[in-house]
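# An overview of the molecular structure
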Amino acid sequence: VTLHRYDCEAWSQPAKGADAAADDRPAIPDEAIAGYAVAARPIYDGVRRLIGHVAGLLILVQAGGRRDVLDLPDIAAARERWDEIEERLRALQVPRGLDAHFARLEASHAAIGEVLDDFDAARHRPDWQRHLDQAGARIPFAHACLQSASEPRAGMTPVDFNHACCSCAQRRRQEGGNDGS
């Protein structure tokens, strides 16, 4: 498996041999795309919130220099949310052709799971700072994966501009988004 940054040109390149196979592939029915988007959006939003949650917890631990922050109930709550998203990911019906999008959501979710594992290891090991450093390196990766899975037409954006000021909303409409109505 090859992993790319969210802004890598490889995401915009067709797969090898895709030109020849593109004409032979059946188009994805609009209903399948819509169904996937409706089911994937809560997953996207949940992962987005988890990234913010674990990033905030990491800041608390590092700012205070104490690992007892990792004993807060917020860690268990984050793990519960992670488990709920895992169930949704397993239940998601992915239409052929949207596998890459699903893989990006899955990679972001998995990276947050590793961050939570790092937090757990930091609670119990003498080299706790090393585990926090690993968590700190994984969070940007999870965010990059999530950014690469962003799709404004499906409401999957890192920041919700539906209630933005009129100039932001106008620019978003010009770029192909809607105004939230």
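This text goes with the structure placed above it.
Residues numbered from 1 in each chain as written. Predicted model: local features only at pLDDT ≥ 70, side-chain atom pairs only at ≥ 80, totals over all residues. Heavy atoms only, no water.

Applying the stated rule across the entire model yields nine salt bridges. With a closest N to O distance of 3.7 Å, Glu86 and Arg90 form a salt bridge. Here the residue Glu86 and the residue Arg90 both occupy positions in helix H3 (residues 73–91), the gap between them amounting to four residues, near one helical turn. The class for Glu86 is partly exposed, based on a relative accessible area of 24%. The class for Arg90 is exposed, based on a relative accessible area of 63%. Here Asp120 and Arg123 are joined by a salt bridge, their closest N and O atoms 3.3 Å apart. With Asp120 and Arg123 both in helix H4 (residues 99–124) and three residues apart, this pair spans about one turn of that helix. On the basis of relative accessible area, Asp120 is assigned to the partly exposed category, the value being 38%. Relative accessible area serves as the criterion here: at 33%, Arg123 is assigned to the partly exposed category. In this structure, a network of salt bridges that share partners links the residues Arg41, Asp45 and Arg48. (Salt bridge = Lys/Arg side-chain N within 4 Å of Asp/Glu carboxyl O. Helix = DSSP H or I, 4+ residues; strand = E, 2+ residues; numbered from the N terminus. Buried < 20%, exposed > 50% of the residue type's maximum accessible area, 1.4 Å probe, protein only.)

This paragraph deals with a negative patch on the surface. A cluster of acidic residues, Glu80, Asp83, Glu84 and Glu87, forms a negative patch on the protein surface. Mapped onto the elements of the fold, Glu84 is located in helix H3. Among the residues examined, Glu84 registers a relative accessible area of 48% and is labelled partly exposed. (Patch = residues over 30% accessible without salt bridge, like charges linked within 9 Å, V, L, I, M, F, W, Y side chains within 5 Å. Areas by Shrake-Rupley, 256 points an atom, 1.4 Å probe, with all protein chains shown as cover. Lys, Arg positive; Asp, Glu negative; His and termini not counted. Charge placed at Lys NZ, Arg CZ, Asp CG, Glu CD.)

So, on to the side chain of Asp118. Looking at the secondary structure, you find Asp118 in helix H4. A polar contact of 3.3 Å, which involves the side chain of Asp118, links it to the backbone nitrogen of Ala135. Every residue in contact with Asp118, bar those within four places of it in the chain, is listed here: His131, Gln134, Ala135 and Arg138. (Polar contact = N/O pair within 3.5 Å; in protein donor to acceptor, adjacent residues only side chain to side chain. Contact = heavy atoms within 4.5 Å.)

What characterises a pair of aromatic rings is the spacing of the ring centres plus the angle enclosed by the ring planes. Considering all chains together, one arrives at zero aromatic pairs under this definition. The aromatic ring of Trp82 is capped on one face by Arg79, whose charged end is 5.3 Å from the ring centroid. (Phe/Tyr/Trp six-rings, centres within 6.5 Å; stacked < 30°, edge-to-face > 60°. Lys NZ or Arg CZ within 6 Å of the ring centre and 35° of its normal.)

Let's shift gears to helix H2 (residues 30–64). Over its 35 residues, H2 runs 50 Å from end to end, which matches the ideal 51 Å to within 8%, given 1.5 Å per residue. The sharpest bend along H2 reaches about 30° and sits at Ala40, with the proline Pro42 one to four residues further on. Two residues or fewer after H2 comes Gly65, characterised by a positive phi angle close to 70°. (Expected span 1.5 Å × (residues − 1). Bend = angle between axes of the 7 residues up to and from the residue.)

Let's shift gears to the environment of Ala76. By the secondary structure assignment, Ala76 is in helix H3. Separated by 40 residues in the primary sequence, Ala76 and Leu116 place their C-alpha atoms 9.2 Å from one another.

Moving on to the nonpolar core. Counting 38 residues, the largest nonpolar core has Leu105, Ile112, Phe119 and Leu132 as the members making the most contacts within it. The set of elements that each furnish at least two residues to this core consists of H2, H3, H4 and helix H5 (128–148). Considering each element in turn, this core owes the most residues, twelve residues, to H2. Once you skip the residues sitting within four places of it in the chain, Leu132 turns out to touch Leu58, Val61, Gln62, Leu70, Phe119 and Ala122. (Core = buried A, V, L, I, M, F, W, Y, C linked by side-chain atoms within 4.5 Å.)

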